[in-house]
Amino acid sequence: MRTDRVVGEAEDLQQFLLFLGSALTAAGEAVNRIEERLCRVAAAYGAPQARVSVLPTYVVVALRPGRPATLEPTRQLRGGLRLDQTAALFEVLRSAEQGGLPPDQGSRQVQAVIDMPPRFGVTVRVLGHAVLTVGICLILHPTWGDLILAGLFGVLVGLLRLAGARFTGLQMLMPVIAAFSVAALTFLLAGPGWAGSDLRAMVAPLVTFLPGATLTMAVIEISAAEMITGSSRLVTGFLQLLLLTFGILGAAQAVGIPPANLGARATAGVAGAAAPWLGAFIVGIGSYLLHSGPRRSLGWLCLVLYAGWIGQYLGGLMLGGYLSGFVGAVTLTVVAYTVELLPSGPPALVSFLPGFWLLVPGALSLIGMTEYLSRDVVRGAEDLLGAVGSMVAVALGVLCGYPLFRTLARVSSGLPRA
């Protein structure tokens, strides 16, 4: 009987680790960090020799060397987690790292997190998408026409995303459908002179499809020797950009607008130099509404976003454009993990993932690819190189930011060890 109980407890722990790993993967955590956390949980439950491997579509766990390993697919989680789900998941994780949660109960709690309904209804989430779109558009130095179109198209794309979420078969096609719809309407309005056809007005509504976080996490994982997962994310992100670009160029061909006219104008007419600073705040509000931010997290979210934005701004003044993303990412990461230590602070993953949109590597990549494929080769190549440099700089900033935070935490008497 005792043997049966021990075997049952081991199976419960293994299942709990698998559920945690799958949920953390859906939340967007880097796989090297997931493996570290799962090993910490296993040690807290008396399995310090546990072996964990996290891959894009499944998690493998063995409690001891030589013992059978169990595999858990992650496809059943149906995409990523919202911010409120991520915060609830990290509460379960913190209890598990202290060994204070029975594994079978922990598995049920993880499943409850996955099944959580959104904090906000459909109307608020669609409004959140529009607000987020306007914030991203402000960061890209828009004209007034760009900003108005971006807000209207933000509502349209928000509705399309909600419709696509109900049908699995449409999820892969949704980037093309959204990009085609937004671009076609922009060009149709531009024909009679009602609106200018600027890539900024088209890119901003597609912000939630932009793979800025995916591409950045890919570089982080490759740097951490997680080649399979990092390469998979890199290919996925690049394919997402190709789908969005195809939708825009397809719309240009369908409505008869010459692709050579797809440039992003250099002039800006909204709030001048203050537009990006206002945009950073609006991005925080939009992210909170769209992704159902946890209660009392809006202020922290805006604080982390502004920390990253100020770091990027100062880095650009002192070190130039490419290193500005590095400084911004370091600052954002350190502040996000510091906020996590505070009693009311959300998990770092909640507060700094929206920061990837703020640092805009994905938006720059889409503009660059569209201009390159639309025969503006020189300008497109420059934007593509700038986007690649921005992505690498942001990834390296996150890589350096976490060790820097741990060092600061250890030398500061007011902070516990990370």
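Residues numbered from 1 in each chain as written. Predicted model: local features only at pLDDT ≥ 70, side-chain atom pairs only at ≥ 80, totals over all residues. Heavy atoms only, no water.

Time to look at the overall build of the protein. Helices and strands together make up the secondary structure of the protein, namely 17 helices and three strands. Buried positions account for 53% of the 418 residues belonging to the protein. Within the protein, contacts between residues at least 6 apart in sequence are counted, and of these 73% link residues at least 24 apart. (Helix = DSSP H or I, 4+ residues; strand = E, 2+ residues; numbered from the N terminus. Buried < 20%, exposed > 50% of the residue type's maximum accessible area, 1.4 Å probe, protein only. Contact = heavy atoms within 4.5 Å.)

Overall, the coordinates contain seven aromatic pairs when judged by the stated rule. Ring geometry for Trp-277 and Trp-309: centres 6.2 Å apart, planes at 85 degrees, overall edge-to-face. Taken together, the positions of Trp-277 in helix H12 (residues 275-290) and Trp-309 in helix H13 (residues 298-319) put the pair 32 residues apart, joining distant regions of the chain. Taken together, the ring pairs in this structure connect Trp-277, Trp-309 and Tyr-313 into an aromatic cluster. The ring of Tyr-402 has Arg-33 lying over it, and the distance from NZ or CZ to the ring centre is 4.3 Å. Its end group placed over the ring of Phe-209, Arg-161 keeps NZ or CZ at 4.6 Å from the ring centre. (Phe/Tyr/Trp six-rings, centres within 6.5 Å; stacked < 30°, edge-to-face > 60°. Lys NZ or Arg CZ within 6 Å of the ring centre and 35° of its normal.)

Below, the discussion takes up helix H11 (residues 227-255). Compared with the 42 Å implied by 1.5 Å per residue over 29 residues, the 42 Å span of H11 between its first and last C-alpha is a close match. In the stretch just after H11, Gly-256 is the one whose phi turns positive, near 85 degrees. (Expected span 1.5 Å × (residues − 1).)

Now for unusual backbone geometry. Phi is positive for Ser-292, close to 50 degrees, though the residue is something other than glycine. On the secondary structure map, Ser-292 appears in the loop between H12 and H13. Residue classification places Ser-292 among the buried residues on the basis of a relative accessible area of 0%. Its identity is not glycine, yet Arg-296 carries a phi of approximately 60 degrees, on the positive side. With respect to the secondary-structure elements, Arg-296 resides in the loop between H12 and H13. We classify Arg-296 as exposed; its relative accessible area is 67%.

Once that is clear, we can look at the pattern of salt bridges. Across all of its chains, the model carries six salt bridges by this definition. We note a salt bridge from Glu-36 to Arg-33, for which the minimum N-O separation is 3.1 Å. Of this pair, Glu-36 and Arg-33 both sit in helix H2 (residues 31-44), three residues apart, which is roughly one turn of that helix. With a relative accessible area of 39%, Glu-36 lands in the partly exposed category. Salt-bridge contacts for Arg-40 lead to Glu-97; the nearest nitrogen and oxygen are separated by 3.5 Å. (Salt bridge = Lys/Arg side-chain N within 4 Å of Asp/Glu carboxyl O.)

Attention now goes to a nonpolar patch on the surface. Taken together, Ile-310, Tyr-313, Leu-314, Leu-317, Met-318, Leu-319 and Leu-323 make up a surface patch of nonpolar side chains, about 700 Å² in accessible area. Among the elements that take part in the nonpolar patch, H13 stands out by supplying six residues, more than any other. Here Tyr-313 lies in helix H13. Look at Tyr-313 and you get partly exposed, because its relative accessible area is 41%. (Patch = residues over 30% accessible without salt bridge, like charges linked within 9 Å, V, L, I, M, F, W, Y side chains within 5 Å. Areas by Shrake-Rupley, 256 points an atom, 1.4 Å probe, with all protein chains shown as cover.)

Next up on the list: helix H15 (residues 348-359). Helix length check: H15 (twelve residues) gives 17 Å between terminal C-alpha atoms against 16 Å at 1.5 Å per residue, within 8%. Within H15, twelve of the twelve residues are buried, which leaves the element mostly enclosed by the surrounding structure. Among the residues of H15, Ala-348, Leu-349, Val-350, Ser-351, Phe-352, Leu-353, Pro-354, Gly-355, Phe-356, Trp-357, Leu-358 and Leu-359 are the ones counted as buried.

Of the two faces of strand E1 (residues 51-54), only the one carrying Val-52 and Val-54 is buried; Arg-51 and Ser-53 on the other face are not. Of the pairings in the sheet, the one linking E1 to strand E2 (residues 58-62) comprises four bridges and is antiparallel in character. Within the sheet, the bridge partner assigned to Val-54 lies in E2 and is Val-59. (Pairing = 2+ DSSP bridges.)

With that out of the way, let us pick up the nonpolar core. With 57 residues, the main nonpolar core has Leu-17, Leu-20, Leu-89, Val-110 and Phe-352 as its most contacted residues. Aside from chain neighbours lying at most four places away, what touches Phe-352 is Met-217, Val-304, Leu-332, Ala-336 and Tyr-337. Formed by 46 residues, the second largest nonpolar core is a distinct cluster that contains Ile-139, Ala-150, Ala-184 and Ala-275. (Core = buried A, V, L, I, M, F, W, Y, C linked by side-chain atoms within 4.5 Å.)

Turning next to the sheet that holds E1. Strand pairing in a sheet takes place through backbone hydrogen bonds and is either antiparallel or parallel in direction. Taken in spatial order, the three strands make up an open sheet running E1-E2-E3, and their pairing is antiparallel. Both outer strands of the open sheet, E1 and strand E3 (70-73), are each paired with one neighbouring strand and no more. Across the sheet, the mean angle separating the axes of adjacent strands is 15 degrees when strand polarity is ignored. Running at roughly 155 degrees to E1, H2 makes contact with E1 and E2 of the sheet. (Axes fitted to C-alpha atoms, helices over the stretch in contact; angles between N-to-C directions.)

Moving on, we come to the confidence of the model for the protein. Put simply, the protein has an average pLDDT of 79, and 80% of its residues get 70 or more. Counting contacts from residues 1-7, a segment whose pLDDT is below 50, to residues more than four positions away or on other chains yields zero contacts. (pLDDT = per-residue confidence, 0-100.)

Attention now goes to a negative patch on the surface. A contiguous patch of negative charge, built from Glu-9, Glu-11, Asp-12 and Asp-104, is present on the exposed surface. Tallying contributions element by element places helix H1 (residues 2-27) first for the negative patch, with three residues. By secondary structure assignment, the location of Glu-11 is in helix H1. (Lys, Arg positive; Asp, Glu negative; His and termini not counted. Charge placed at Lys NZ, Arg CZ, Asp CG, Glu CD.)

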